[in-house]
Amino acid sequence: MKWHVLRPLWLAIGLVVVILIARQFMVPDDFGVHGDSFTYNFHRLSNVQEWKEFPVKHLGHESCAECHEEKVTMLSASPHAAIECENCHGPAVGHPDDIELLPIERSREHCLRCHQSLEYPNNARSELPNIRNSTHKRRRECVKCHVPHDPREKP
Amino acid sequence: MSCSRRDFLKQAGGGTLASVLPVSAFTFLSTEEARAAVDNANVRWAFLVDTRKCVGCGLCVKACKTENEIPYDAPVTRTWVERYVITKDGQAHIDSPMGGRDGFIENVINGEEIDPENIDKAFFVPKLCNQCDNPPCVQVCPVGATYQTDDGVVLVDRSWCIGCGYCIMACPYGVRFFHPVHKVADKCNFCYHRITKGMNPACVDSCAFDARLIANLRDPDDPVTKIITTERVAVLKDEYGTKPHVFYIGLDENVR
């Protein structure tokens, strides 16, 4: 039988077969619906574990206290108690083995994040002890006069 | 063969009933099985943002970027803080320079100096992925690279994503972006690597004002869950039907 439809039809069927065979090898075994919704739970299952194993970088002040207990004690008794060490010292991962000294954020801009007066009414920012950057000891580092670990003390 | 109307109706009804009822309808599930069929997790992560407490220091954005290896100076971020200043003429001035990464230390919004005398109200609104129950970003993914885990977090499979950007377009909250290094879609995942280890997300730990909190909605003793269930909380763009799971206290009508 010579029918002009047959040749492209075989080609199309052949293509589908090739794709189906290739799919068997290329799609990971754990790819499928893992949950009750095809729309939302269609994925590669091992990716969940991969995200769980993503490296943690901020270790928290409990980790800092293992070596720097006196600093953590001083901080936790001060008005700055709620501030995490790593907010100013950077993420502690790899310290002290790989990174001996963590970079310390001492800039004026860093303190101004909370302590620059914006004069906003009924805003938590206005209730913090604040300064006007343009008039208060211009361009001096705040840490020259204020101790970040306990701002009530003088250096 | 004769057939009365009554017999016909009886047999037709019985036949239809028998054909529509599959065998599985007659199996009885145990309580656990029934619960598993409906919902198999005892964890559902949610987030609580108290906009009244946020001072706009931006340390959450900084911590998020370093924790999640988001290029620090690239204009992309998984979480950001918006500043809203409503002046007396009713106009809303909104900005979020670099996602609020360096905080807000000037009274200048989009190049315009705002006179404090002229301000009616001003506040900061941290934003992050809402980990929706009906995530539109997941629906549109053509390859199954983004999905919802059984604890409610939406993740992106970096080895499977083809970078088409459909999800970035689909998210009504604009939380997704194209990762400049991995060349795939990226978004906040509540620091999945931390919350699954019993830690807080990096932004929650870095917040000195408790403006950001994480909750497990399935744990009735979770203090943050208690706040979400008993206080007056709101969500963003409720009308989209996405069922977002980032709850806000003190949300203003100007916030979109």
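Residues numbered from 1 in each chain as written. Chains lettered and ligands numbered in written order. Predicted model: local features only at pLDDT ≥ 70, side-chain atom pairs only at ≥ 80, totals over all residues.

Turning next to the overall build of chain B. Secondary structure summary: chain B contains 8 helices and 12 strands in total. In terms of overall dimensions, chain B is more spread out than a globule: its C-alpha atoms have a radius of gyration of 24 Å, far above the 18 Å expected for 256 residues. Here the C-alpha coordinates of chain B stretch approximately 95 × 45 × 40 Å along the principal axes. Put simply, 62% of the contacts in chain B that link residues at least 6 apart link residues at least 24 apart. (Helix = DSSP H or I, 4+ residues; strand = E, 2+ residues; numbered from the N terminus. Rg over C-alpha atoms; globule rule 2.2 N^0.38 Å. Contact = placed C-beta atoms within 7 Å.)

If you tally the helices and strands in chain A, you get 6 helices and 2 strands. Beginning at the N terminus, the succession of helices and strands in chain A can be written as α-β-β-α-α-α-α-α. The C-alpha radius of gyration of chain A comes to 30 Å, more than 25% above the 15 Å expected for a compact globule of 155 residues. By principal-axis analysis of the C-alpha atoms, chain A measures approximately 100 × 40 × 30 Å. Here chain A holds 155 residues, and the buried ones make up 19% of them. (Buried ≥ 20, exposed ≤ 12 C-beta atoms within 10 Å, placed from the backbone.)

The element helix α3 (residues 59–67) of chain B is extensively covered by neighbouring structure, given that 8 of its 9 residues are classed as buried. Every buried residue belonging to α3 of chain B is among Leu59, Cys60, Val61, Lys62, Ala63, Cys64, Lys65 and Glu67 of chain B, and all of these are buried. The inward-facing, buried residues of α3 of chain B contact α5 (85–89) and α6 (108–115) of chain A together with β2 (80–87), β6 (119–127), α7 (202–206) and β11 (212–216) of chain B. Just downstream of α3 of chain B lies glutamate 69 of chain B, where phi reads positive at about 55°.

Counting residues in hydrophobic clusters, the biggest one holds 64 residues, and the most contacted among them are Phe47, Cys60, Leu155, Phe190, Cys203 and Ile214 of chain B. With sequence-adjacent residues up to four places away left out, isoleucine 214 of chain B is seen in contact with Trp45, Phe47, Phe190, Ile195, Asn200, Pro201, Val204 and Val224 of chain B. (Core = buried A, V, L, I, M, F, W, Y, C linked by C-beta atoms within 7 Å.)

The next thing to look at is the interface of chain B and chain A. Contact with chain B, which involves 43 residues of that partner, is made by 37 residues of chain A. At the level of elements, α3, β6, α4 (136–140), β7 (146–148), α6 (192–195) and α7 of chain B are the ones that each hand at least two residues to the side of chain B that touches chain A.

A few words now on the domain arrangement of chain A. All names here are of chain A. Per the domain assignment, the segments making up chain A are domain 1 (51–104) and domain 2 (106–155). Facing the 8 residues of domain 1 at the interface are 7 residues of domain 2. In terms of residues, the side of domain 1 that touches domain 2 owes the most to one element, helix α4 (residues 69–76), which gives 3 residues. Taken together, the residues that form the side of domain 1 that touches domain 2 break down as 5 nonpolar, 2 polar and 1 charged. (Domains from an automatic or database assignment. Nonpolar A, V, L, I, M, F, W, Y, C, P; charged D, E, K, R; others polar.)

Moving on, we come to the environment of alanine 215 of chain B. Residue and element names in this part refer to chain B. Structurally, the position occupied by alanine 215 is in strand β11. Linking alanine 215 and alanine 46, residues 169 residues apart in sequence, is a C-alpha distance of 5.1 Å. Beyond its immediate sequence surroundings of up to four residues, alanine 215 is in contact with Ala46, Leu48, Asp222, Val224, Thr225 and Ile228.

Below, the discussion takes up the sheet that holds strand β1 (residues 45–50) of chain B. Residue and element names in this part refer to chain B. Strand order in this open sheet of 3 strands is β11-β1-β12, and the pairing throughout is mixed. Edge positions in the sheet fall to β11 and β12 (246–249), since each of these pairs with one other strand and no more. Averaged over all adjacent pairs, the angle separating strand axes in this sheet is 25°, with direction ignored. As defined by bridge partners, β1 adjoins β12 across 4 bridges and the pair is classed as parallel. From the neighbouring strand, valine 49 faces β12, where its bridge partner is tyrosine 248. Taken strand by strand, helix α8 (residues 223–230) contacts β1, β11 and β12, and its axis lies near 95° from that of β11. (Pairing = 2+ DSSP bridges. Axes fitted to C-alpha atoms, helices over the stretch in contact; angles between N-to-C directions.)

Another point: the pairing of strand β3 (residues 92–95) of chain B. It is a general feature of regular strands that their side chains alternate between the two faces of the sheet. Residues and elements named next belong to chain B. Relative to β3, β2 runs antiparallel, the two being bridged by 4 bridges. In the sheet register, isoleucine 86 faces β3, and the bridge partner there is alanine 92. Counting the residues that bridge the hairpin from β2 to β3 gives 4 residues, and of these glycine 90 lies at a positive phi of roughly 85°.

This part is about the sheet that holds β6 of chain B. All names here are of chain B. In space, the 3 strands of this open sheet follow the order β3-β2-β6, with antiparallel pairing throughout. Because the sheet does not close on itself, it has two edges, and the strands there are β3 and β6. The mean inter-strand angle of the sheet, taken between neighbouring strand axes irrespective of direction, is 15°. Note that β2 and β6 share 8 bridges and pair antiparallel. Residue arginine 83 lies in a different strand from β6, and its bridge partner there is phenylalanine 124.

The omega torsion across histidine 95 of chain A and proline 96 of chain A is 5°, close enough to zero to call that bond cis. With respect to the element layout, proline 96 of chain A can be found in the loop between α5 and α6. Located in the positive-phi region is asparagine 122 of chain A, a residue other than glycine, with phi close to 55°. Judged by C-beta crowding, with 11 C-beta atoms within 10 Å, asparagine 122 of chain A ranks as exposed. Residue lysine 237 of chain B is not a glycine yet carries a positive backbone phi of 50°. Residue position: lysine 237 of chain B is located in the loop between α8 and β12.

This part covers the confidence of the model for chain B. The predicted model of chain B averages 92 in pLDDT, with 92% of residues at 70 or higher. With a pTM of 0.86, the predicted complex shows an ipTM of 0.89. (pLDDT = per-residue confidence, 0-100.)

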